[in-house]
Amino acid sequence: MNEKQHRPDWTEYFLDIAKAVGRRATCLRRRYGAIIVKDKIIISTGYNGAPRGEANCIDTGNCERERLHVPKGQNYELCVAVHAEQNAIINADSAAMEGATIYIVGVNADGSLASGKPCLLCRRMLRNAKLAKVVYYETDGSIVSCRPDEIHD
């Protein structure tokens, strides 16, 4: 009982929750989870997967990008999924998002970390939703925290 318990800081706490949200993802390649937080209160969550009412890749067993060996970040038009960030934005109240932070975690099919860096389209959406900050894990486990307009390829 003398061991000091580790209590995660807010960033670690919200990244842990984003990772848990990503467990609902329906992609065969990568599972992403995203949460939007304002004043330490979660206002929305999202994970990557097919649009509502459409067949999920994990249910059909088919991933067109995987079949064609398309690298990460290329040929998104072949994918049926909506990104985790996009779903979090869609599920949120637009007024509540202004000035909020989005936390993003990605996990590859083999369990290793995937970069949570938003794609170009998601970056545009994050700016348009007036989010103030993006926080995500890189593949090496480092945490990136920046404004949406500071993310570049």
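Fair warning: this is a prediction, and the values are worked out from it, not measured in the lab.

Thoughts on the overall build of the chain
Regarding its fold elements, the chain presents 6 helices and 6 strands. Put simply, the chain runs from its N terminus to its C terminus through helices and strands in the order α-β-β-α-α-α-α-β-β-α-β-β. In terms of C-alpha radius of gyration, the chain reaches 16 Å, essentially the compact-globule figure of 15 Å for 153 residues. Projecting the C-alpha coordinates of the chain onto the three principal axes gives extents of approximately 50 × 40 × 30 Å. Within the chain, the fraction of its 153 residues that count as buried is 41%. Nonlocal contacts in the chain, meaning residues at least 24 apart in sequence, comprise 62% of its contacts between residues at least 6 apart. For the chain, the computed accessible surface area is about 9200 Å², with 48% contributed by carbon and sulfur atoms.

Here we look at the pattern of salt bridges
Summed over all chains, the structure comprises 6 salt bridges. One salt bridge in this structure joins Asp-153 and Arg-123, with 2.8 Å as the shortest N-O distance. A residue pair is termed long-range when its members are at least 10 positions apart, and Asp-153 in the segment after β6 (143-146) and Arg-123 in helix α6 (residues 120-128) qualify at 30 residues. The class of Asp-153 is exposed, set by a relative accessible area of 80%.

Structural notes on the UniProt feature "binding site: Zn(2+)" (unreviewed entry) in the chain
The UniProt record marks His-83, Cys-119 and Cys-122 with the feature "binding site: Zn(2+)" (unreviewed entry), using the residue numbering of this structure. Despite a sequence span of 40 residues, these residues sit close together in the fold, their greatest C-alpha distance being 9.2 Å. Its location among the elements puts Cys-119 in the loop between β4 (113-114) and α6. You can call Cys-119 buried: its relative accessible area is 12%. In contact with Cys-119, not counting residues within four places along its chain, are Tyr-76, His-83 and Glu-85.

Digging into the pairing of strand β2 (residues 41-47)
Sheet topology note: the strand β1 (residues 30-38)/β2 ladder contains 6 bridges and is antiparallel. What sits directly across from Gly-33, in β2, is Tyr-47. As consecutive antiparallel partners, β1 and β2 are separated by 2 residues, and within that stretch Asp-39 has a phi angle of approximately 55 degrees, a positive value.

Some thoughts on the UniProt feature "domain: CMP/dCMP-type deaminase" (unreviewed entry) in the chain
The sites that UniProt annotates as "domain: CMP/dCMP-type deaminase" (unreviewed entry) are residues 9-153. Helix makes up 29% of residues 9-153 and strand makes up 24%, while its end C-alpha atoms are separated by 29 Å.

Topic: the nonpolar core
Counting 19 residues, the largest nonpolar core has Ile-36, Met-97, Ile-102, Ile-104, Leu-131 and Val-134 as the members making the most contacts within it. Among the elements of the structure, β1, α4 (84-91), β3 (101-108) and β5 (133-137) are those that each provide at least two residues to this core. Leu-131 has contacts with Ile-36, Met-97, Ala-100, Thr-101, Ile-102, Leu-126 and Pro-148, leaving out every residue within four places of it along the chain. Membership of the second largest hydrophobic core comes to 11 residues, among which are Leu-15, Ala-18, Val-37 and Val-105.

What counts and how
- Residues numbered from 1 in each chain as written.
- Predicted model: local features only at pLDDT ≥ 70, side-chain atom pairs only at ≥ 80, totals over all residues.
- Heavy atoms only, no water.
- Helix = DSSP H or I, 4+ residues; strand = E, 2+ residues; numbered from the N terminus.
- Rg over C-alpha atoms; globule rule 2.2 N^0.38 Å.
- Buried < 20%, exposed > 50% of the residue type's maximum accessible area, 1.4 Å probe, protein only.
- Contact = heavy atoms within 4.5 Å.
- Areas by Shrake-Rupley, 256 points an atom, 1.4 Å probe, with all protein chains shown as cover.
- Salt bridge = Lys/Arg side-chain N within 4 Å of Asp/Glu carboxyl O.
- UniProt positions renumbered as here; feature names shortened; annotations may be inferred.
- Pairing = 2+ DSSP bridges.
- Core = buried A, V, L, I, M, F, W, Y, C linked by side-chain atoms within 4.5 Å.

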